[in-house]
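Each chain is listed here by its residues.
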Amino acid sequence: MTTTPTLYEWAGGHEALLRLTQVFYDKVPSDPVLAPVFAHMSDKHREHVAIWLGEVFRGHSRYTDELGGYPAMLGHHLGLSLTEEQRSRWAALIAQSADPAGLPDDPEFRSAFVAYIEWGTRIALSNSQPGATPPPEAPVPHWGWGEAPPYQP
């Protein structure tokens, strides 16, 4: 019996996700909508986003083990007051970065990838607003081939 690969495995692992974040963040400084959000981005940001995506797509648990897990990710967005235009642009630009990064182009993978990006950016948008009270503890979401059950504490 053949085991279905995870999205992480199908994408090509950490190296593929790092290529994705490299392609994406190379475009950000010249993007008028996103450049202000990432003007003070650390040198490690691209790597950290690749590590996050790796854990979300059911690869390693490095974001949890090394970078603080979901509470840390929430903390990076608190108080940013992101706009819908910024959220939408981030989602569109990272989806557009998948081809030049060499991610798989099959419809099943791209559907799952874009679904997570859409879902994740909406969570980030919500948690970035003034007065947002996200759960203080929650697991890193694990994305697969088409499921997104609601988190219930």
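Residues numbered from 1 in each chain as written. Predicted model: local features only at pLDDT ≥ 70, side-chain atom pairs only at ≥ 80, totals over all residues. Heavy atoms only, no water.

One pass over the full model with this rule turns up 12 aromatic pairs. Aromatic pair W10 and W145: ring centres 5.8 Å apart, planes at 85°, arrangement edge-to-face. Remark: W145 occurs in the segment after α7 (107-127) and W10 occurs in helix α1 (residues 7-11); sequence separation between them is 135 residues. By relative accessible area, W10 is classed as partly exposed at 38%. (Phe/Tyr/Trp six-rings, centres within 6.5 Å; stacked < 30°, edge-to-face > 60°. Helix = DSSP H or I, 4+ residues; strand = E, 2+ residues; numbered from the N terminus. Buried < 20%, exposed > 50% of the residue type's maximum accessible area, 1.4 Å probe, protein only.)

A few words on the environment of L53. You can see L53 is positioned in helix α3 (residues 45-56). For L53, a relative accessible area of 1% translates into the label buried. Linking L53 and T21, residues 32 residues apart in sequence, is a C-alpha distance of 9.6 Å. Not counting the four nearest positions on each side in its chain, L53 is found in contact with L17, L20, T21, Y116 and I117. (Contact = heavy atoms within 4.5 Å.)

On to the pattern of salt bridges. The final tally for this structure, using the stated rule, is 8 salt bridges. R87 is the partner of E84 in a salt bridge, and the nearest nitrogen-oxygen pair spans 2.8 Å. Here R87 and E84 lie together in helix α6 (residues 84-101), a separation of 3 residues that amounts to about one turn. Owing to a relative accessible area of 6%, R87 belongs among the buried residues under this scheme. Across the pair E118 and R87 runs a salt bridge whose closest N-O atoms are separated by 3.2 Å. With E118 in helix α7 and R87 in helix α6, this pair connects stretches of sequence that are 31 residues apart. A relative accessible area of 28% means that E118 is categorised as partly exposed. (Salt bridge = Lys/Arg side-chain N within 4 Å of Asp/Glu carboxyl O.)

All right, on to the nonpolar core then. In terms of nonpolar packing, the biggest core is built from 38 residues, with W52, L53 and F57 touching the most fellow members. Secondary structure elements with two or more residues in this core: α1, α2 (13-27), α3, α5 (69-77), α6 and α7. Beyond its immediate stretch of four places on either side in the chain, F57 contacts T6, L7, Y8, L17, F113, Y116 and W143. (Core = buried A, V, L, I, M, F, W, Y, C linked by side-chain atoms within 4.5 Å.)

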